Amino acid sequence: MFKDSPKLKKIFLAGFLLSFHVALTAYINSSFLSSFVGESWVSVIYIFGAAFSISALLFIPRILSMVGNHKFLLWSVGLGAAALISLSMFSSPWIILPVFVIYLTLNSITFFLLDELVEIFSKNSGIGKTRGFYLAIVSLAWVIAQSIFGKILNSSSFNTLYFAAFCVMAALWMIVFFYLKEIPDPKYDKEKILPTLKKFFKNKNLFRAYKINFLLQFFYTWMVIYTPIYLHAHLGFSWGEIGTIFTIMLTPFVFMPLPLGKYSDKIGERTILILGFLLISFATLFLFFIQQHELWIWALALFATRVGAATVETMSDVYFFKHINPENAEFIGIYRNTVPVAYAIGPLVAFSVLLFVPSFNYLYIILGTFMLFGIYLASTIEKNDI
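Only a predicted model underlies this, so the values are computations on that prediction, with no experimental measurement involved. (Residues numbered from 1 in each chain as written. Predicted model: local features only at pLDDT ≥ 70, side-chain atom pairs only at ≥ 80, totals over all residues. Heavy atoms only, no water.)

Asks: Help me understand the packing of helix 13 (residues 270–287) against helix 17 (residues 362–371), please; the structure alone is not making it clear to me.
Replies: For any two helices packed against each other, one specifies the inter-axial angle together with the distance between the axes. In contact at an axis separation of 7 Å, helix 13 and helix 17 are set at 165° when each is read in the N-to-C sense. Looking at the two axes, helix 13 sits roughly antiparallel to helix 17. Between helix 13 and helix 17 lies a crossing whose hand is left-handed. Seen from helix 13, the contacting residues are Phe277, Ile280, Ser281, Thr284, Leu285 and Leu287; seen from helix 17, they are Tyr364, Ile365, Leu367, Gly368, Thr369 and Met371. Of the residues that constitute the contact of helix 13 with helix 17, the class distribution is eight nonpolar, four polar and no charged. (Axes fitted to C-alpha atoms, helices over the stretch in contact; angles between N-to-C directions. Helix = DSSP H or I, 4+ residues; strand = E, 2+ residues; numbered from the N terminus. Parallel < 35°, antiparallel > 145°, perpendicular 65-115°, else oblique. Left-handed = near helix turned anticlockwise from the far one by under 90°. Contact = heavy atoms within 4.5 Å. Nonpolar A, V, L, I, M, F, W, Y, C, P; charged D, E, K, R; others polar.)

Here it is, written out as structure tokens:
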């Protein structure tokens, strides 16, 4: 893999740093925002961020064709670093809230641009292996970050975490500037947005991948936004304990993607996706019944949900990227739009649900039930589609 495409090492390092900086703050963002607007209105901030991200991802391919991936990536990472230093320094909601929305948008753009670089250097015969290894690398960043963020919060504040994330982004900018500048851009398709959307959603394979990935991202939105609030504010876990729980929870993303990617290159994604959705559904439903302050019970239960999520994430990406070419940047933008779309719809649904359910943990019943739909979606993949 690296012999054929030496630049992949630098791209994987960039993906590691990007994910590491996101992971440092991902699980405290909702608590940080709630100190400015209250728990109920955190969802609204995420919806605004999602709306901007959706628009940005639709226009990215046209910008790529004009300025190229390297320049665009430099600007995206640089502005993301500027947003983080602002979040670490200021305390006015009039600054924090719009900057946070911009920061979410820039993250979506940067992840897209790295996705495009990985696609350029992936070999069609080993997309599953390459994607699986890439997911394992970026997931390792999440695990390491979770073992750190709780310790930082025990002796410091949210601002310190945002500053630490800024330092990581500064390192990422240096990697992009010095090591990724000689990557050639493919001839990106220059179709208009509406025809591209029609072409994407008329393709049954791409549309299926989109729906599968949307379900997964919907799962992530509720887990990332509401589980830290539930554990900290409702069950009384300290941030150090939450860091330990999340470190254990995320380990499946490190050891599962590579073997799953290799396996899918041989047998396809259908059966593996069905098993992944079965596990993610029933493990999430089980969370409803855990209402006590028990670190290891929560760690193991959340670990089970992430075994399912790691399976679905790997297979979803492999399935999608097997059905596109490197020049289809606009298709990658639509596919990755599932993240901001989920962050728009997920918090809106949760906001509505919390108005009617008697307690916070009912979110897990609804979420687990919703994930069952993924079993049907996976079953519609043709058995010979490898």
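Asks: Explain the nonpolar core here, please?
Replies: Note on soluble globular proteins: their nonpolar side chains tend to be buried together. Counting residues in hydrophobic clusters, the biggest one holds 137 residues, and the most contacted among them are Phe149, Phe246, Trp298 and Phe320. Residue contributions to this core peak at 18 residues, all from helix 9 (residues 204–234). Residues within four places of Phe149 in sequence aside, it is in contact with Leu24, Tyr27, Ile28, Leu161, Trp239, Ile242, Gly243 and Phe246. (Core = buried A, V, L, I, M, F, W, Y, C linked by side-chain atoms within 4.5 Å. Buried < 20%, exposed > 50% of the residue type's maximum accessible area, 1.4 Å probe, protein only.)

Asks: How do you make sense of a nonpolar patch on the surface when you look at a structure like this?
Replies: Together, Phe59, Ile63, Met66 and Val67 make up an exposed nonpolar region whose accessible area comes to about 380 Å². Look at Ile63 and you get partly exposed, because its relative accessible area is 31%. (Patch = residues over 30% accessible without salt bridge, like charges linked within 9 Å, V, L, I, M, F, W, Y side chains within 5 Å. Areas by Shrake-Rupley, 256 points an atom, 1.4 Å probe, with all protein chains shown as cover. Salt bridge = Lys/Arg side-chain N within 4 Å of Asp/Glu carboxyl O.)

Asks: So what exactly am I meant to see when it comes to helix 1 (residues 7–26) here?
Replies: Every α-helix carries 3.6 residues per turn, so stepping three or four residues along brings you back to the same face. With 20 residues, helix 1 ought to run about 28 Å at 1.5 Å a step, and its terminal C-alpha atoms sit 28 Å apart, in line with that. The element helix 1 is largely enclosed, with a buried count of 16 among its 20 residues. (Expected span 1.5 Å × (residues − 1).)

Asks: Looking at this model, I keep getting lost on empty space enclosed by the protein. Mind explaining?
Replies: A probe matching the size of a water molecule, rolled over the atoms, marks out where space remains unfilled. Counted according to the given criterion, the structure contains three cavities of 30 Å³ or more. Considered as a void within the structure, the largest cavity measures approximately 970 Å³ in volume. Val22, Phe111, Trp142, Gln217 and Val339 are, among the 37 residues lining the largest cavity, the residues nearest its centre. Elements represented by at least two residues in the lining of the largest cavity include exactly helix 1, helix 3 (39–67), helix 5 (93–121), helix 6 (127–155), helix 9, helix 14 (295–321) and helix 16 (338–354). Broken down by class, the residue content of the lining of the largest cavity amounts to 21 nonpolar, 10 polar and six charged. (1 Å grid on protein atoms, 1.4 Å probe; cavity = no way out; pocket = protein on both sides within 12 Å on 5 of 7 lines; lining within 4 Å. Points joined across faces, edges and corners; volume = space filled by probe spheres on them.)

Asks: Looking at this structure, I do not really get the environment of Ser147. What am I missing?
Replies: Mapped onto the secondary structure, Ser147 falls in helix 6. Remark: the alpha-carbon pair of Ser147 and Phe100, spanning 47 residues in sequence, is separated by 24 Å. The contacts of Ser147, once residues within four sequence positions are left out, are Gly243 and Thr247.

Asks: Any chance you could explain the packing of aromatic side chains here in plain terms?
Replies: What describes a pair of aromatic rings is the distance from one ring centre to the other and the angle between the planes of the rings. One pass over the full model with this rule turns up 38 aromatic pairs. Ring centres of Phe32 and Tyr162 lie 4.8 Å apart, and the angle between their planes is 55°; this geometry places the pair in the tilted category. One end of the pair, Phe32, is in helix 2 (residues 29–37); the other, Tyr162, is in helix 7 (residues 158–179), and 130 residues separate them in sequence. By the burial criterion, Phe32 is buried, and Tyr162 matches it. Ring plane angle 40° and centroid distance 6.4 Å describe the contact between Phe200 and Phe320, whose orientation is recorded as tilted. Here Phe200, found in helix 8 (residues 193–202), pairs with Phe320, found in helix 14; they are 120 residues apart in sequence, far enough to count as distant. For Phe320, a relative accessible area of 0% gives the class buried. Here a set of aromatic residues connected by ring pairs shows up, and it is made of Phe200, Phe201, Phe207, Tyr210, Phe320, Phe321, Phe331 and Tyr335. Across the ring face of Tyr179, the terminal group of Lys10 is positioned such that the distance to the ring centre comes to 5.4 Å. Directly above the aromatic system of Phe207 lies the positively charged group of Lys211, at a separation of 4.4 Å from the ring centroid. (Phe/Tyr/Trp six-rings, centres within 6.5 Å; stacked < 30°, edge-to-face > 60°. Lys NZ or Arg CZ within 6 Å of the ring centre and 35° of its normal.)

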